[in-house]
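Per-entry structural report
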Amino acid sequence: METSNESYCLETRLIHGIAAPKNENGATITPIYYSTAFEHDSAESMERIFQGKEDGFVYTRLRNPTVAALESRFAAVCDARGVVAAASGMSAIALALLALLKSGDELIAGRFLHGSVYTLFDKSFRELGITVHFIDPRHPEEAAARFNDRTRAVFLEALANPAMVVPDIREFSRLCREQGVPLIADATLLTPCAFDAAALGVSISVYSASKFLAGPATTLGGLIVDNGTYSWRDNPPPGWADLVKQHGESAFLAKLSKRMMMDYGPALAPMNAFLLLLGLETLSLRMERQNQTAERIAEFLNRHPIVREVLYAGLPGAPGHELAKAQFGGRFGSLIAFTLASRAACFRFLNALRLIRRSSNLGDTKSLAIHPASTLYAGYWPAELAAVGVGEEMIRLSVGLEAETDIICDLEQALATAAKC
Ligand SMILES: *Cc1c(COP(=O)(O)O)cnc(C)c1O
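Residues numbered from 1 in each chain as written. Predicted model: local features only at pLDDT ≥ 70, side-chain atom pairs only at ≥ 80, totals over all residues. Heavy atoms only, no water.

**Remarks on the packing of helix α13 (residues 343-352) against helix α15 (residues 404-419)**
Each pair of packed helices can be summarised by the angle the axes make with each other and by the distance between the axes. This is how the line gets drawn: Here an axis means a line fitted to C-alpha atoms, over the contact stretch when the element is a helix, while the angle between two N-to-C directions is reported on a 0 to 180 degree scale. Segments assigned H or I by DSSP are reported as helices when at least four residues long, segments assigned E as strands when at least two residues long, and all are numbered from the N terminus. Any angle between 65 and 115 degrees counts as roughly perpendicular, while under 35 counts as roughly parallel, over 145 as roughly antiparallel, and the rest as oblique. In this scheme the handedness of a crossing depends on how the near helix is turned from the far one: anticlockwise by less than a right angle means left-handed, clockwise means right-handed. Any two residues whose heavy atoms approach within 4.5 Å are treated as being in contact. Residue type decides the class: Asp, Glu, Lys and Arg count as charged, Ala, Val, Leu, Ile, Met, Phe, Trp, Tyr, Cys and Pro as nonpolar, and the leftover types, Gly among them, as polar.
The interhelical angle for the contact between α13 and α15, taken along N-to-C directions, is 140°, at an axis separation of 8 Å. In terms of axis orientation, α13 runs oblique to α15. As α13 packs across α15, the resulting crossing turns out to be right-handed. Only D410, L411, Q413, A414, L415, T417 and A418 of α15 make contact with α13, whose side of the interface consists of A345, R348, F349 and A352. Taken together, the residues of the contact of α13 with α15 break down into 7 nonpolar, 2 polar and 2 charged.

Okay, here's the thing in structure tokens:
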């Protein structure tokens, strides 16, 4: 589960990890260990494994060989201290934060958030007695003003879904270092192909693996990455003395895998870990192509007379463009938001689509579109919609792997329909 090796390039590590693992019977792909429990040679060995003194498998809620293969592959991809996999992106985010926060503690969060994450912070965390201060991630000074001795972490979307806002991650990382608290970034929209978390000073990255990492919408999954940039020894959260004494710099990973997973139980299923390992093998190719097509489609939309505004950091002159270029290695993801004249025009546009699917997912191999205000953010008050950067006139488009010309053709005819009243 823990590794540190950067000798192969990212593209190679996505396929082989640090080094191609030797599988049973010479299988060239990681086998699926569909076993809930594992047996042991002796009572003594069982005792040692249960006490964590010897490496081994006990019960799939805690550890499973296929899931462990995914964790070590992804740790190699990110050149991370270690990775813990969870059943979904939401469980990964909840677990990572609940490992750090308890009643009375405070979190500072960029307010441009995925709908479920916003609700988790605003409703569920509030009910647990955790205070979340929402700030504008374009203004790190708003975060600076919120730190106090109860602040346990800062959370940002590295590229915000669907507002496409780009925070200055290095500046947030500097602030967090100054305050001695970890910086957590959700980099679902970028993937490790466009997000070098350690270089940007991010302590912990979280991913919804259900999106780009899985690829063709086969499975839910979440990944928590300890990037090795935060010293748990130098800045342990309150009450972590024993944990740090026992596990040193692996304290956060140990808390996740030994406590959080044990107590809350959102384990990733072995089959789903297998599907995510398959997804990783083609990730860099897919990201490259989807990024490239998205850039051209953003330009097409930007030129289109009935499109009011295009939110895509890849457009020269777009807000956050220079920052995104510097931070994300010249990649901007394949998610685009754009606005039409009205909610009715958005609905006419969606209903006219023939190739692009009406779906809530993103990062899929298929192109997908949705009207976020009436779906993902249904039930939000207007002020809340404004806070997360979602308008009634907004469409979110996730650009897939289809031929660019076919996607543009579909957009062209659907926009023509949207323009008719
Ligand atoms: C989808 C998504 C999540 C939630 O992940 P699930 O796998 O659906 O639970 C969290 N953050 C972002 C940015 C997402 O796009």
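**Looking at the domain arrangement of the chain**
Note the following rule: For every domain, the bounds stem from an assignment made automatically or drawn from a database. Salt-bridge detection follows one rule: a side-chain nitrogen of Lys or Arg within 4 Å of a carboxyl oxygen of Asp or Glu. Counted as a polar contact is a pair of N or O atoms within 3.5 Å, where, for protein atoms, one must be capable of donating a hydrogen and the other of accepting one, and residues adjacent in sequence contribute only when both atoms are in side chains.
In terms of domains, the chain is made up of domain 1 (8-280) and domain 2 (284-418). Computed over C-alpha atoms only, the centres of domain 1 and domain 2 are separated by 28 Å. Taken together, the contact pairs 38 residues of domain 1 with 35 residues of domain 2. The interface formed by domain 1 and domain 2 holds 0 salt bridges in total. In this structure, the connection of domain 1 to domain 2 is made through 13 residue pairs in polar contact (both at pLDDT 80 or more). For the side of domain 1 that touches domain 2, the secondary structure elements donating two or more residues are α1 (10-16), α5 (115-127), α7 (169-179) and α8 (191-194). Counting residues per element, the side of domain 1 that touches domain 2 draws most heavily on α5, which supplies 5 residues.

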